[in-house]
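Structural characterization, general
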Amino acid sequence: MTRTVLESKTKTVVIGFDEPFCVIGERINPTGRKKLAAEMEAGNFETVLRDAMEQVACGATVLDVNSGAVFTNKMALDPRYADNNFVEPPLMRQLIEIIQGVVDVPLCIDSSVPAALEAGLAAAEGRPLLNSVTGEEDRLELVLPLVKKYNVPVVAISNDDTGISPDPDVRFAVAKKIVQRAADFGIPAHDIVVDPLVMPVGAMGSAGQQVFTLVRRLREELGVNTTCGASNISFGLPHRHGINAAFLPMAIGAGMTSAIMNPVRQVEMESIRAANFLMNHDPNGGEWIRFSKVLEAVEGGMTFAEASASQSQAASGRRGGRRARG
């Protein structure tokens, strides 16, 4: 079975058909978060640290780290800051180092700037996931050599020089092209995690059906793991989290093995924990039982993040105690 292995300094996470669904925390991303971007520009990483710890406590086993910040004030003083090739590489390195100082989970290095990807790869401990490569020719030629050089897995996004096709057959063909080109570089299919691109269901009523069909084809015909930006499915709609919470277990049932998402949302995480149990990826329901204690604490008045952190600390204490007695 296909297994995509990610590593931090001491932990291993496997994305696979017979593994629990891999939750990749999306919060460390300044795109669309003006306050976070402003904090980064000022050298303030308190929100980054909080987001890193909170996401892991809530169930993320991998953290996406995006360096796409716009430094508006610095740009006014120094025109070099208008160039992402100038801003992102040192910022990515700094983010990786800071995050690794407070959590020990594999990272997903996320940038459209190849130099930032390489800066992240050089700073990351273990075996991170690279995000991303597309079917565009120049992107393939820039990113795949990095994937080979650092021996890391990569997210392959199903668009190419013609853009994002509404036709799922075209998106499958792009994914197949990326897998084949990766093979030319000596990169195995198990190190390709395909993002088939989730369209907003509010704009395209068949968006969910398209993804489920694509995921099955990608698994059966190409033998690759899959991921997506889960919240794309509900973009522009009210009460988005209910839609996300329905979409995720349906995607899991179709064979999707990971998603880049917000793990601090209780309803989505509850649906994933239940889906893992129902797919027999949670032996004896152990994780569901542990998660139920978080839900009970929420019912008692704690926020989901607070309850998750409390349960995580309690579990760490129990593990530590057993080691001490040993």
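To be clear, the structure that these remarks concern was listed above.
Figured I'd write up the structure that's included with this text.

The rules behind each value
Numbering of residues starts from 1 in every chain and runs along the sequence as written. Residues qualify for local features only when their pLDDT is at least 70, as the model is predicted, and side-chain atom pairs are given and counted only at 80 or more; totals for whole chains, interfaces and linings, by contrast, use all residues. Calculation of side-chain values draws on the structure's entire complement of heavy atoms; hydrogens and water are dropped beforehand. Just to be clear on terms, a salt bridge is a Lys or Arg side-chain nitrogen sitting within 4 Å of an Asp or Glu carboxyl oxygen. Strands here mean DSSP runs of E at least two residues long; helices mean DSSP runs of H or I at least four residues long; both are numbered from the N terminus. Remark: exposure states derive from per-residue accessible area (1.4 Å probe, protein chains only) relative to the maximum for the residue type, with buried under 20%, exposed over 50%, and partly exposed in between. Side-chain atoms within 4.5 Å are what join buried Ala, Val, Leu, Ile, Met, Phe, Trp, Tyr and Cys residues into a set we call a nonpolar core. In this description, contact between two residues means that some pair of their heavy atoms is separated by no more than 4.5 Å. The definition of a polar contact used here is a pair of N or O atoms within 3.5 Å, where within protein one atom must be able to donate a hydrogen and the other to accept one, and adjacent residues in sequence count solely through side-chain atom pairs. The pairing criterion is simple: DSSP has to find at least two bridges between the two strands. What a helix should span is 1.5 Å times the count of its residues minus one.

**Details of the pattern of salt bridges**
- The tally for this structure, following the rule as stated, stands at twelve salt bridges.
- The salt bridge involving K35 is made with E39; its shortest N-O contact spans 2.6 Å. Of the two residues, K35 and E39 both sit in helix α1 (residues 34–41), four residues apart, roughly one turn of that helix.
- Taking relative accessible area as the criterion, E39 reaches 12% and is therefore assigned buried.
- With a shortest N-O distance of 2.7 Å, R127 and D191 are connected by a salt bridge. Separated by 64 residues along the polypeptide, R127 in the loop between α5 (114–123) and β6 (129–134) and D191 in the loop between α7 (168–184) and β8 (192–195) bring together distant segments of the chain.
- By relative accessible area, which is 5% here, D191 ends up buried.
- Three or more residues are tied together by salt bridges with common partners; here these are E137, E141, K177 and R181.

**Some thoughts on the nonpolar core**
- M40, L63, I99, L130, I192 and F247 are the most contacted members of the largest nonpolar core, which totals 79 residues.
- Considering each element in turn, this core owes the most residues, seven residues, to helix α8 (residues 207–222).
- If sequence neighbours within four positions are ignored, I99 has contacts with I28, V48, A52, L63, V65 and L107.
- I15, C22, V62 and C108 belong to the second-largest nonpolar core, a separate cluster that totals 13 residues.

**Concerning the side chain of H281**
- Mapping H281 onto the fold places it in the loop between α10 (266–278) and α11 (286–299).
- Within the structure, the side chain of H281 is placed 3.4 Å from the backbone oxygen of F17, a separation counted as a polar contact.
- Once residues within four sequence positions are removed from consideration, H281 is found in contact with F17, D18, E19, P20 and N276.

**Here's the deal with the sheet that holds strand β4 (residues 62–66)**
- Taken in spatial order, the eight strands of this open sheet run β9-β8-β7-β6-β5-β4-β3-β10, and their pairing is parallel. Either end of the sheet is taken by a strand with one partner, and the two such strands are β9 (225–226) and β10 (258–261).
- Of the pairings in the sheet, the one linking β6 to strand β7 (residues 154–157) comprises four bridges and is parallel in character. Residue pairing across strands places T134 opposite I157, the latter belonging to β7.

**Considerations on α1**
- The set of residues buried in α1 consists of L36, A37, E39, M40 and E41.
- Elements in contact with the buried residues of α1: β3 (22–28), α2 (46–58), α3 (72–77) and α4 (84–100).
- Backbone geometry just downstream of α1 places G43 in the positive-phi region, at approximately 75 degrees.

**Describing α4**
- With 17 residues, α4 extends 23 Å from end C-alpha to end C-alpha; this agrees with the ideal 24 Å at 1.5 Å per step.
- Regarding α4, the residues found buried are V87, E88, P89, L91, M92, L95, I96 and I99.
- Two or three places before N85, at the opening of α4, D83 has a side-chain oxygen 2.9 Å from that residue's backbone nitrogen.

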